[in-house]
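Working through the structure, step by step
The primary structure of each chain is shown beneath.
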Amino acid sequence: MTVRPLLTRCRWEETDLSSHVPHGSSPLTASCQWKRQSDPSLSTSRWVDTVRLLTETNANKRTDDAFRNQEYVLHQTGSTPLMDLENFDMIEDIIVGDRLHQIDIEVTKKLLTIWYFGVLRSTKRWNQGQRQIINQRLQRQTFPLEAPRKLRCLDDLPYWKGSECKAFLHYAAPVALRGVLTKEQYQHFMLYFCGVIFIKSPQKTLERRR
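What you are looking at is a predicted structure, and each value in this text was computed from that prediction instead of being measured.

Cut-offs used in this document
Residues numbered from 1 in each chain as written. Predicted model: local features only at pLDDT ≥ 70, side-chain atom pairs only at ≥ 80, totals over all residues. Heavy atoms only, no water. Helix = DSSP H or I, 4+ residues; strand = E, 2+ residues; numbered from the N terminus. Buried < 20%, exposed > 50% of the residue type's maximum accessible area, 1.4 Å probe, protein only. Contact = heavy atoms within 4.5 Å. Areas by Shrake-Rupley, 256 points an atom, 1.4 Å probe, with all protein chains shown as cover. Salt bridge = Lys/Arg side-chain N within 4 Å of Asp/Glu carboxyl O. Core = buried A, V, L, I, M, F, W, Y, C linked by side-chain atoms within 4.5 Å. pLDDT = per-residue confidence, 0-100. Expected span 1.5 Å × (residues − 1). Polar contact = N/O pair within 3.5 Å; in protein donor to acceptor, adjacent residues only side chain to side chain. Arc of directions from axis to C-beta. Axes fitted to C-alpha atoms, helices over the stretch in contact; angles between N-to-C directions. Parallel < 35°, antiparallel > 145°, perpendicular 65-115°, else oblique. Left-handed = near helix turned anticlockwise from the far one by under 90°. Phe/Tyr/Trp six-rings, centres within 6.5 Å; stacked < 30°, edge-to-face > 60°. Lys NZ or Arg CZ within 6 Å of the ring centre and 35° of its normal.

Brief notes about the overall build of the protein chain
The helix and strand tally for the protein chain stands at seven helices and three strands. Along its sequence from the N terminus, the protein chain presents helices and strands in the succession β-α-β-β-α-α-α-α-α-α. Taken over 210 residues, the protein chain has a buried fraction of 32%. Relative to all contacts within the protein chain whose residues are 6 or more apart in sequence, the contacts with residues 24 or more apart total 51%. Element-wise, carbon and sulfur atoms account for 53% of the exposed surface of the protein chain, whose accessible area totals about 14,600 Å².

So, in structure tokens, the structure goes:
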């Protein structure tokens, strides 16, 4: 099975390009050229609708030296007191473990939004029959006590909390999405589901399962 390249949104930031516009070039052309030079990973990507598609995943890793030298101009707005710490790597020593935004909101909710509301022109949204199937399955789903509450229907998806996205992924998604997604989409989603389960499972639990 082939896993497609990762889809990520790219937010262009306001930049003063007055000193970067070559003679005879338009500001827009110069902006794209300068930003590709500033962030090499953009040279291996292309736009699909309103989403930037990374065609390769071998971009150079960010480094502590480059961060301290302010080389990541698209993503740095100044300095930080953390740079004054001794033996502190600005890339390797900062751990990002925010599950709410990195998984529940940024991936699970975004995928459901793409499928349910069809926010991407290249992806056909679910029809009325598929929507009814999903909502009926959610209403019949029984959740364990640790689940915060019964899930609302997907018509209310824009108002879902992170806890609802988490409950959907862990308890409802494998059953609710089966037969509604295409075979390829479902296989990809289950890879994501299994990956999250493995990452979030305590080490002792994984050892017992072996």
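Quick word on unusual backbone geometry
In this structure, Gln70 is a non-glycine residue whose phi angle is positive, near 60°. You will see that Asn87, though not glycine, has its phi angle at about 55°, which is positive. With respect to the secondary-structure elements, Asn87 resides in the loop between α2 (64-68) and α3 (99-117). Look at Asn87 and you get exposed, because its relative accessible area is 80%.

Some points on the pattern of salt bridges
Following the criterion strictly, the structure yields four salt bridges and no others. Salt-bridge contacts for Asp64 lead to Arg68; the nearest nitrogen and oxygen are separated by 2.9 Å. One end of the pair is Asp64 and the other is Arg68, both in helix α2 and four residues apart, which spans about a single turn. Accessibility expressed as a relative area gives 15% for Asp64, which makes it buried. In this structure, Asp104 engages Arg99 in a salt bridge whose closest nitrogen and oxygen atoms are separated by 3.0 Å. Its relative accessible area of 12% is what places Arg99 among the buried residues.

Observations concerning the nonpolar core
Counting 31 residues, the largest nonpolar core has Leu112, Trp126, Leu138, Leu154, Trp160, Phe168 and Leu177 as its most contacted members. Put simply, the parts of the chain that give this core at least two residues each are α3, α4 (128-140), α5 (162-176) and α6 (183-200). When residues in this core are grouped by element, the largest group, seven residues, is from α5. Not counting chain neighbours up to four residues away, the residues in contact with Leu154 comprise Leu112, Tyr116, Phe117, Trp126, Ile134, Asn135, Leu138 and Trp160.

A closer look at the confidence of the model for the protein chain
Any segment with low pLDDT has predicted coordinates that should not be analysed in fine detail. Looking at the protein chain, the pLDDT average stands at 76 and 71% of residues meet or exceed 70. Overall, residues 1-38 carries pLDDT values under 50, and its contacts beyond four positions in sequence, including any with other chains, amount to 49 contacts.

Structural notes on α4
In an α-helix, one full turn covers 3.6 residues, which means residues spaced three or four apart are oriented alike. In this model α4 runs 18 Å from its N-terminal to its C-terminal C-alpha over 13 residues, within 8% of the 18 Å that 1.5 Å per residue would give. Considering only its buried residues, α4 is in contact with α3 and α5. A side-chain oxygen of the first residue of α4 lies 3.1 Å from the backbone nitrogen of Gly129; this N-cap is Asn127.

Quick notes on α6
Over its 18 residues, α6 extends 26 Å from the first C-alpha to the last, a length consistent with the 26 Å expected when each residue adds 1.5 Å. Within the sequence span of α6, burial applies to Tyr186, Phe189, Met190, Tyr192, Phe193 and Val196. Along the axis of α6, the buried positions cluster into a sector of 160°, meaning they face one direction only. Summarising the geometry of α6, the exposed residues directed more than 90 degrees from the buried face are Lys183, Phe198 and Ile199. Looking at the packing, one finds that the buried side of α6 touches α3 and α5.

Regarding the packing of α3 against α5
Interhelical geometry of α3 versus α5 gives an angle of 70° and a closest axis separation of 9 Å. The angle between α3 and α5 falls in the class roughly perpendicular. For the crossing formed where α3 meets α5, the hand is left-handed. In contact with Arg99, Leu100, Ile103, Asp104, Ile105, Thr108, Lys109 and Leu112 of α3, α5 contributes Gly162, Cys165, Lys166, Phe168, Leu169 and His170.

Thoughts on the packing of aromatic side chains
Counted under the stated rule, the structure contains seven aromatic pairs. In textbook terms, an aromatic cluster arises when at least three aromatic residues are bridged by ring pairs, as seen for Trp115, Tyr116, Phe117, Trp126, Phe189 and Tyr192. Over the ring of Tyr72 we find Arg62, and its NZ or CZ is 5.1 Å from the ring centre.

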